[in-house]
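Overview (structure and organization)
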Amino acid sequence: MHEMSYVIRLVNKALQAAETEGLGSVFEIHADIGKMTGVLPYYMQKYYKKAIEGTILENSRLIINEVAVKARCGSCSFEYEPDAAHDYLCPACGSGNCRIIAGREMTLTQIKGT
Ligand SMILES: [Zn+2]
């Protein structure tokens, strides 16, 4: 399952962060998840509950912040949200020479615990 591998990576990051911050138990973690990952929050939540069983994250909540896909045009530096209706081309100059600058990431942004 696609989401399961993301959940495991996220849980591992959270466990590391909890250790670094000296937390004994965690009640909430926040994550930025780019839309380009194709990850569905519903499944993330479902697998998260399983993945945290028996860890210090048990009973914690996962708060997902979905990050839109963003591209920067290589020709005119315009930043935009690529969409299929425009063949993912730059709306400012029509160039297809773009770089994805957001939307592929999965970042642990916050961890709350005691
Ligand atoms: Zn452009």
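Every value quoted in this text rests on a predicted model; they were computed, and no experiment measured them.

1. Digging into the sheet that holds strand E3 (residues 70-73)
- One open sheet accounts for 3 strands, arranged E4-E3-E5; its pairing is antiparallel. Lying at the two open borders of the sheet, with one neighbouring strand each, are strand E4 (79-80) and strand E5 (98-102).
- In the sheet, E3 pairs with E5 via 4 bridges, with the strands oriented antiparallel. Across the sheet, residue alanine 71 finds its bridge partner in E5, namely isoleucine 100.

2. Focus: the packing of helix H1 (residues 2-20) against helix H2 (residues 41-51)
- Their axes nearest at 9 Å, the elements H1 and H2 cross at an angle of 55 degrees. Classed by the angle they form, the pair H1 and H2 counts as oblique. Relative to H2, H1 is oriented so that their crossing is right-handed. Residues Glu3, Met4, Tyr6, Val7, Ile8 and Val11 of H1 pack against Tyr43, Met44, Tyr47, Tyr48 and Ala51 of H2.

3. A short note on the sheet that holds strand E1 (residues 26-34)
- The strand order across the open sheet built from 3 strands is E2-E1-E6, with neighbouring strands paired in mixed fashion. The open sheet has two free edges, formed respectively by strand E2 (61-67) and strand E6 (106-113), since each of these has just one partner strand. The average undirected angle you get between the axes of adjacent strands in this sheet is 15 degrees.
- By the bridge criterion, 7 bridges tie E1 to E6 in an arrangement that is antiparallel. When the sheet's bridge partners are listed, aspartate 32 is paired in E6 with threonine 107.
- This element, H1, spans E1 and E6 of the sheet and lies at about 45 degrees to E6.

4. With respect to H1
- Under the 1.5 Å per step criterion, the end-to-end length of H1 is 28 Å for 19 residues, consistent within 8% with the ideal 27 Å.
- Those residues of H1 hidden inside the fold are in contact with E1, H2 and E6.
- Positive phi shows up at glycine 22, right after H1, with a value of about 70 degrees.

5. So, unusual backbone geometry
- The residue asparagine 59 is not glycine, and still its phi comes out positive at about 75 degrees.
- The topology assignment puts asparagine 59 in the loop between H2 and E2.
- We classify asparagine 59 as exposed; it has 11 C-beta atoms within 10 Å.
- Even without being a glycine, aspartate 87 presents a positive backbone phi close to 55 degrees.
- Considering the arrangement of structural elements, one finds aspartate 87 in the loop between E4 and E5.

Criteria and thresholds
Residues numbered from 1 in each chain as written. Predicted model: local features only at pLDDT ≥ 70, side-chain atom pairs only at ≥ 80, totals over all residues. Pairing = 2+ DSSP bridges. Helix = DSSP H or I, 4+ residues; strand = E, 2+ residues; numbered from the N terminus. Axes fitted to C-alpha atoms, helices over the stretch in contact; angles between N-to-C directions. Parallel < 35°, antiparallel > 145°, perpendicular 65-115°, else oblique. Left-handed = near helix turned anticlockwise from the far one by under 90°. Contact = placed C-beta atoms within 7 Å. Expected span 1.5 Å × (residues − 1). Buried ≥ 20, exposed ≤ 12 C-beta atoms within 10 Å, placed from the backbone.

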